[in-house]
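So the chains spell out like this:
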Amino acid sequence: MKTDNQVLIDSKAFALRIIRLYKYLKEDKSVIVLSKQVLRSGTSIGANVRESVNAQSRMDFINKLNIALKEANETEYWLELLHESNIIDDNQFESIYNDCGKLAATLTKIIKTTKSGAEK
């Protein structure tokens, strides 16, 4: 899908970073559960943003983006665990964690703007 929708672009780019992180992590069999969790939640953000494009209503749109926001929050949790257990270093963590935070902030803004538009 070719798009100029920035949240679609950013969430897909983030998913690709998560996939690369998963490939890196899966080499260490001791973190297989954590790596699968971060893969699932991190790629789910973009999938839900993509689903929102074809939402059936404004409420459906908001719901899909709320799910994406929840997945972003979950992804932050898994990244924190990976970092605090010294599986990923400070540089790896800060870069991907900041990207996740930016996505969450964007999603929050879109949700709030859409909700305020619905109240008018």
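In what follows, the structure referred to is the one given above.
About the thresholds
Residues numbered from 1 in each chain as written. Predicted model: local features only at pLDDT ≥ 70, side-chain atom pairs only at ≥ 80, totals over all residues. Heavy atoms only, no water. Salt bridge = Lys/Arg side-chain N within 4 Å of Asp/Glu carboxyl O. Helix = DSSP H or I, 4+ residues; strand = E, 2+ residues; numbered from the N terminus. Buried < 20%, exposed > 50% of the residue type's maximum accessible area, 1.4 Å probe, protein only. Axes fitted to C-alpha atoms, helices over the stretch in contact; angles between N-to-C directions. Parallel < 35°, antiparallel > 145°, perpendicular 65-115°, else oblique. Left-handed = near helix turned anticlockwise from the far one by under 90°. Nonpolar A, V, L, I, M, F, W, Y, C, P; charged D, E, K, R; others polar. Core = buried A, V, L, I, M, F, W, Y, C linked by side-chain atoms within 4.5 Å. Contact = heavy atoms within 4.5 Å. Phe/Tyr/Trp six-rings, centres within 6.5 Å; stacked < 30°, edge-to-face > 60°.

1. A short note on the pattern of salt bridges
A side chain with one charge can pair with a side chain of the opposite charge if their charged atoms come near.
Alright, step 1. Evaluated as defined, the whole model comprises five salt bridges.
Alright, step 2. Of the charged contacts, one joins Arg-17 and Asp-99 as a salt bridge, the two residues approaching to 2.4 Å between their closest N and O atoms. With Arg-17 in helix α1 (residues 6–25) and Asp-99 in helix α4 (residues 90–118), the pair connects residues that are 82 residues apart, well separated along the chain.
Alright, step 3. Under the relative-accessibility criterion, Arg-17 is labelled partly exposed at 24%.

2. Thoughts on the packing of helix α2 (residues 32–52) against helix α3 (residues 58–84)
Alright, step 1. Where α2 contacts α3, the axes come no closer than 8 Å and their chain directions differ by 160°. The pairing of α2 with α3 is recorded here as roughly antiparallel in orientation. Crossing of α2 over α3 shows left-handed handedness.
Alright, step 2. Looking at the contact of α2 with α3, its residues break down into 13 nonpolar, seven polar and five charged.

3. A closer look at the nonpolar core
Alright, step 1. Val-38, Ile-45 and Leu-107 are the most contacted members of the largest nonpolar core, which has 27 residues in total.
Alright, step 2. Counting residues per element, this core draws most heavily on α3, at eight residues.
Alright, step 3. Not counting residues up to four positions away in its chain, the partners in contact with Val-38 are Ile-18, Leu-21, Leu-25, Thr-43, Thr-75, Trp-78, Leu-79 and Leu-82.

4. So, the environment of Gly-101
Alright, step 1. For Gly-101, the location among the structural elements is in helix α4.
Alright, step 2. Spatially, the C-alpha atom of Gly-101 lies 16 Å from that of Asn-48, the residues being 53 residues apart in sequence.

5. Let's talk about the packing of α1 against α2
Alright, step 1. At a minimum axis separation of 8 Å, α1 and α2 run at an interaxial angle of 165°. Classified by the angle their axes make, α1 and α2 are roughly antiparallel. The element α1 and its partner α2 pack so that their crossing is left-handed. Seen from α1, the contacting residues are Val-7, Leu-8, Ser-11, Phe-14, Ala-15, Ile-18, Ile-19, Leu-21, Tyr-22 and Leu-25; seen from α2, they are Ser-35, Lys-36, Val-38, Leu-39, Gly-42, Thr-43, Ile-45, Gly-46, Val-49 and Arg-50.
Alright, step 2. Counted by class, the contact of α1 with α2 contains 13 nonpolar, five polar and two charged residues.

6. With respect to the packing of aromatic side chains
Alright, step 1. This structure, assessed with the given rule, holds two aromatic pairs.
Alright, step 2. When the centroid spacing of 5.1 Å and the interplanar angle of 70° are considered together, the rings of Tyr-77 and Trp-78 count as edge-to-face.

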